[in-house]
Every structure is written in structure tokens, then in C-alpha cells.
Amino acid sequence: MRRLRQVTKIVREQGAKQLGVRLLTAATRRLGAEGEELPVRLDDVRKADVEARKPVVIPPIPHDGRLVVNWVTTPPSKGSGGHTTMFRLIRHLESLGHECRLYLYDTFGNTVTDLEPGVRAAFPFFKGSIHDVTDGMADAHAVFATAWITAYPAFNDPCAGKRFYLVQDYEPWFYPSGGLYALAENTYRMGMHGFTAGRFLADKVRDEHGMPADHFDFGCDADRYRLGDEKRDGIVFYARRKAPRRAFELGVLALEVFAEKHPDLKIHVYGEKIGDLGPQFLDHGLVTPDDLNAIYNRCFAGLSLSMTNVSLVPHEMLAAGCVPVVNDAHFNRVVLDNDHVRYATPTPHSLARALSDVVTSPDFDAVARAAASSVEGRSWDAAGHELEKVLRRELAA
């Protein structure tokens with residue numbers, strides 16, 4: 001039944017020709033041929049004259065100050081760091097009495113009926129309504145794009161509301177230099193106001209694209225990640241083979257070099273199931289936050305690689321007294337800004353040496369306590385407060 005709804009929805013919204021393109025693409029993939037379908041609807045791109053400036057219409061703000069905010073997002077899924085951060089911000093706004101609505105942007109023919117149960121299960125605290133953005137959005141005070149592909153429908157929709165853009169990574173870097181790179185980059189020219197994960201991204205979109213932007217600092221979920229008293233027996237690797245920016249191949253090579261020097265230590269791997277890499281490796285796959293905290297507390301060091309904006313992982317590791325080893329890059333240093341993070345040149349041997357330095361540290365208990373104390377007080381409330389401050393200022397202007 002769900003498959004029938006998907007096919008019907010694709011034909012209704014994108015035409016029978018697009019359904020044929022999808023079927024052909026799926027067939028070439030089965031045959032092992034190259035074929036990559038666009039993550040954004042072509043009609044949405046065609047409609048968007050990104051250099052056109054539309055008049056900003058903001059409905060009157062009621063006397064009680066309560067705002068209505070539309071969030072345009074890809075279907076949220078459990079374990080997605082980007083969606084988790086978005087919902088932390090939404091949760092804060094809802095706690096202050098503001099209304100948040102979710103508008104799903106799905107290119108695979110799924111309906112809200114199909115998707116809503118999964119969203120509610122993954123983020124049960126969310127109070128707002130859930131809609132399909134292709135049905136059109138109701139007027140709001142603010143409308144947020146949350147990823148480059150969602151910027152197109154947010155830009156095109158005629159509903160009232162000042163446009164904002166939750167930027168959690170520099171998404172053109174997800175692609176080789178080419179068409180998708182340009183389509184992603186163009187979204188920073190749409191006249192939206194950016195709200196970015198860390199200062200690096202705000203500086204980049206302002207300096208390179210003239211996009212006004214504020215930033216929020218990464219928080220840390222202290223209720224989930226904290227220092228325990230488990231016996232530490234190895235290191236941990238955040239493995240995301242399906243996300244090239246997380247440099248999976250480089251990480252595995254570094255772990256193999258490390259394993260040769262430290263055959264007595266365990267190597268915990270989580271994020272995705274990666275298969276058997278040897279007797280030292282423990283493949284945890286996708287884990288719950290509570291289980292992840294237990295893994296961090298078993299490890300001296302954690303390897304967290306990012307070739308674009310930093311992930312949430314290093315702060316989580318620090319909270320549990322696990323020292324993050326991170327590829328040395330300007331964006332990582334700017335966003336993390338923590339003396340307890342170890343930076344290494346992104347080569348297998350350099351990363352392995354940094355991991356070795358941590359596991360051979362004298363009095364590691366003191367190292368772990370210092371690392372954990374360095375992120376005390378970094379709650380996500382600060383990011384929520386910053387968001388509301390930005391909304392108040394921009395909507396009043």
C-alpha cells in the first residue's frame with residue numbers, strides 16, 4: 001500500500017516521465033552502472049530565481065509575543081545528528097510557548113501518513129503539526145530552510161514569513177565541483193538569514209556569499225553523556241561509510257596502524273555496521289545515546305573525523321572523559337575551541353600516533369576528569385536562547 005502511494009505521489013507531483021527516470025536509474029544501479037538521482041525536485045530549482053528579492057511579509061506578532069515558525073526539512077530519522085539539533089532548537093521554542101510546524105520535503109513519493117509515525121517515535125516531545133511542503137505552507141512569522149534541498153521550496157512558497165536558514169554544514173562540499181555543488185551553493189544567495197552551527201559557517205557564508213548570519217555554539221547533552229567509573233579498555237571510532245565527509249577509509253587505515261602498535265587494546269566502532277575487521281574490533285553499529293555513553297567511558301580516546309564542519313561527537317566524547325582525536329583543520333579548531341581535543345594531520349600514521357599518545361598518557365584518570373570538566377555547562381539551552389534572540393531581533397527589524 002505504501003509503495004502504491006509513493007508511485008501515485010511521484011506521478012501526481014512530478015509526472016510519469018520522472019517516474020520512468022527513477023525506474024531507469026534503479027535498473028542501472030542493479031546492473032552496477034553509474035546513476036545518481038537528484039536529491040531536489042527539478043521544478044523547484046527551475047522556479048527559483050535566487051537573485052530575485054521578494055518583499056518580506058511578516059504577520060503581526062500577537063501581544064503575548066508567541067511566534068509561529070515553519071520548519072522545512074527532509075524526513076527526520078532517528079540517529080540523525082542534523083535532525084537532532086534541529087529538534088533541540090524546536091523543543092526550546094516550544095517550551096517558550098511558540099508554535100512550530102514541520103513541513104516535510106520528500107522526493108521518494110512518501111506521504112505524511114507514511115512518515116509521521118516515524119517522526120513522532122524518534123522525537124516524541126515534538127508538539128507541532130506535520131505537513132507535506134508540496135501542499136503549500138500556511139503563513140508564519142518565520143520560515144526555516146534546514147538543508148540546501150529544502151531551501152528551494154522555502155524560497156519558492158508564497159506564504160508569509162521572513163526566511164531563515166539553519167546551516168549545519170557547508171553542503172556544497174558534499175559534492176565534487178559540478179552541478180550539485182553549484183545548486184547547493186546557490187542557496188546561500190537566496191536572501192535568507194543564516195543561523196549556523198558554529199562560527200566558522202557564519203563567517204564563510206557572510207564572507208563568500210554576502211549572506212547575513214548569526215551562529216550558535218555546540219551544546220552537550222549532559223544528561224546523556226557524563227563521566228562514569230567503567231574500566232577503560234581501548235579506543236572508539238565514529239564510522240560513517242555512507243557519509244564521505246566523515247573520511248571512513250582514512251579512519252580505518254589509521255586504526256589498522258594503531259592496532260599493530262597496541263594489540264592489547266580494543267577498538268570500538270559505532271555509527272554503522274562495518275563488518276569484521278579483526279579480533280580487536282568491536283562493531284557496535286547504530287547505538288542508543290545511553291549505550292554510546294557507556295562505550296565512551298570504556299575508551300581512552302575517540303577518533304572523530306570531519307572534512308567539513310565538525311560533528312556533535314567530540315563534545316560527547318569529552319563529556320565522558322574520552323579524548324577526541326580530530327583531523328587538523330581550521331573549521332574544526334574554530335568550532336571546537338577546546339584545549340583537550342587532540343589534532344592530527346589527516347594521514348593514517350599521524351592519526352594513529354595521536355591515538356597512541358592519548359592511550360599512553362600518565363594518570364589518565366586526571367586527563368579524563370579535566371576533559372569532562374571542559375564541557376560542563378555547555379547545554380543546548382544556550383543555542384535555543386540565541387535562536388529566540390535572533391528571531392526577535394530580525395522580526396522586529
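Each value, and the rule that gives it
- Residues numbered from 1 in each chain as written.
- Predicted model: local features only at pLDDT ≥ 70, side-chain atom pairs only at ≥ 80, totals over all residues.
- Heavy atoms only, no water.
- Helix = DSSP H or I, 4+ residues; strand = E, 2+ residues; numbered from the N terminus.
- Rg over C-alpha atoms; globule rule 2.2 N^0.38 Å.
- Buried < 20%, exposed > 50% of the residue type's maximum accessible area, 1.4 Å probe, protein only.
- Contact = heavy atoms within 4.5 Å.
- Areas by Shrake-Rupley, 256 points an atom, 1.4 Å probe, with all protein chains shown as cover.
- Lys, Arg positive; Asp, Glu negative; His and termini not counted.
- Charge placed at Lys NZ, Arg CZ, Asp CG, Glu CD.
- UniProt positions renumbered as here; feature names shortened; annotations may be inferred.
- Pairing = 2+ DSSP bridges.
- Right-handed = clockwise from strand over helix to strand, strands pointing away.
- Core = buried A, V, L, I, M, F, W, Y, C linked by side-chain atoms within 4.5 Å.
- Phe/Tyr/Trp six-rings, centres within 6.5 Å; stacked < 30°, edge-to-face > 60°.
- Lys NZ or Arg CZ within 6 Å of the ring centre and 35° of its normal.
- 1 Å grid on protein atoms, 1.4 Å probe; cavity = no way out; pocket = protein on both sides within 12 Å on 5 of 7 lines; lining within 4 Å.
- Points joined across faces, edges and corners; volume = space filled by probe spheres on them.
- Nonpolar A, V, L, I, M, F, W, Y, C, P; charged D, E, K, R; others polar.
- Axes fitted to C-alpha atoms, helices over the stretch in contact; angles between N-to-C directions.
- Parallel < 35°, antiparallel > 145°, perpendicular 65-115°, else oblique.
- Left-handed = near helix turned anticlockwise from the far one by under 90°.

## Comments concerning the overall build of the chain
A tally of regular secondary structure across the chain gives 14 helices and 13 strands. Against the globule reference of 21 Å for 397 residues, the chain gives a C-alpha radius of gyration of 22 Å, in line with a compact fold. Taken over the C-alpha atoms alone, the chain extends approximately 60 × 55 × 40 Å along its principal axes. Across the 397 residues of the chain, 53% fall into the buried class. Nonlocal contacts in the chain, meaning residues at least 24 apart in sequence, comprise 66% of its contacts between residues at least 6 apart. Total accessible area on the chain stands at roughly 18,200 Å², and carbon and sulfur atoms take up 52% of it. Measuring between centres, the 48 positive side-chain charges of the chain sit 3 Å from its 52 negative side-chain charges.

## Some remarks on the UniProt feature "domain: WsaF C-terminal" (unreviewed entry) in the chain
Within this structure's numbering, the places UniProt gives as "domain: WsaF C-terminal" (unreviewed entry) are residues 235–355. For residues 235–355, helix accounts for 37% and strand for 22%, while the C-alpha atoms at its two ends are 8 Å apart.

## Topic: the side chain of Asp 214
Note on placement: Asp 214 falls in strand β7 (residues 213–216). Asp 214 sits in the buried class, given a relative accessible area of 15%. Apart from the residues lying within four places of it in its own chain, the contact partners of Asp 214 are His 193, Gly 194, Phe 195, Thr 196, Ala 202, Val 390 and Arg 393.

## Regarding the environment of Trp 173
Turning to its location among the elements, Trp 173 is positioned in the loop between β5 (162–167) and α6 (179–186). Sequence separation of Trp 173 and Glu 185 is 12 residues, and the distance between their C-alpha atoms is 9.1 Å. Excluding residues within four positions of it along the chain, Trp 173 makes contact with Tyr 181, Phe 200, Lys 204, Met 307, Thr 308 and Phe 331.

## Details of the pairing of strand β9 (residues 266–270)
Walk down a regular strand and you will see the side chains alternate between the two sheet faces. Summarising burial for β9: 4 of the 5 residues are buried, a large majority. Sheet topology places strand β8 (residues 234–238) next to β9; 5 bridges connect them, and they run parallel. Across the sheet, Val 236 pairs through a bridge with His 268, a residue of β9. Read as a crossover between parallel neighbours, the route from β8 over helix α8 (residues 248–261) to β9 is right-handed. Examined bridge by bridge, β9 and strand β10 (residues 281–285) share 4 bridges and lie parallel to one another.

## Details of unusual backbone geometry
The phi dihedral of Asp 337 is positive, around 45 degrees, even though this residue is not glycine. Secondary-structure assignment places Asp 337 in the loop between α11 (330–336) and β13 (342–344). Of note in the backbone geometry, Asp 363 takes a positive phi value of approximately 50 degrees without being a glycine.

## Brief notes about the nonpolar core
Residues Val 69, Trp 71, Leu 102, Phe 144, Tyr 165, Tyr 296 and Leu 391 are the most contacted members of the largest nonpolar core, which totals 90 residues. The dominant element in this core, judged by the number of residues it contributes, is helix α5 (residues 148–156), at 6 residues. Residue contacts for Leu 102: discarding those within four places in its chain leaves Trp 71, Thr 73, Pro 76, Met 86, Phe 87, Ile 90, Val 119, Phe 126, Ser 129, Ile 130 and His 131. Membership of the second largest hydrophobic core comes to 32 residues, among which are Phe 258, Phe 281, Leu 305 and Ala 352.

## Thoughts on the packing of aromatic side chains
What the rule picks out here adds up to 22 aromatic pairs. A connected cluster of aromatic rings, assembled from ring pairs, spans Tyr 165, Tyr 170, Trp 173, Tyr 188, Phe 200 and Phe 331. Across from the ring centre of Phe 125, 4.2 Å away, lies the NZ or CZ of Arg 91, which sits over that ring. Above the face of the Tyr 170 ring, Lys 204 is positioned so that its terminal group lies 4.7 Å from the ring centre.

## Points about empty space enclosed by the protein
A complete count under the given rule lists 2 cavities of 30 Å³ or more for this structure. Approximately 40 Å³ is the volume found for the second largest cavity. In terms of lining, the second largest cavity is formed by Arg 88, Gly 219, Cys 220, Asp 221, Leu 312, His 315, Glu 316 and Trp 380. For the lining of the second largest cavity, a count of residues per class yields 3 nonpolar, 2 polar and 3 charged.

## Let's talk about the sheet that holds strand β12 (residues 323–327)
The sheet built from 6 strands is open, its strands ordered β10-β9-β8-β11-β12-β13 with parallel pairing. Edge positions in the open sheet fall to β10 and β13, since each of these has one partner strand only. Pairs of neighbouring strands in the sheet enclose a mean axial angle of 25 degrees, with direction left out of account.

## Some remarks on the packing of helix α3 (residues 81–95) against helix α14 (residues 381–396)
Axis separation between α3 and α14 bottoms out at 9 Å; the angle between their running directions is 70 degrees. Classified by the angle between their axes, α3 and α14 sit roughly perpendicular to one another. When the axes of α3 and α14 are compared, the crossing they make is right-handed. Along the contact surface, α3 presents Leu 89, His 92 and Leu 93, while α14 presents Asp 381, Ala 383, Gly 384, His 385, Leu 387, Glu 388 and Leu 391. Per-class residue counts for the contact of α3 with α14 are 5 nonpolar, 3 polar and 2 charged.

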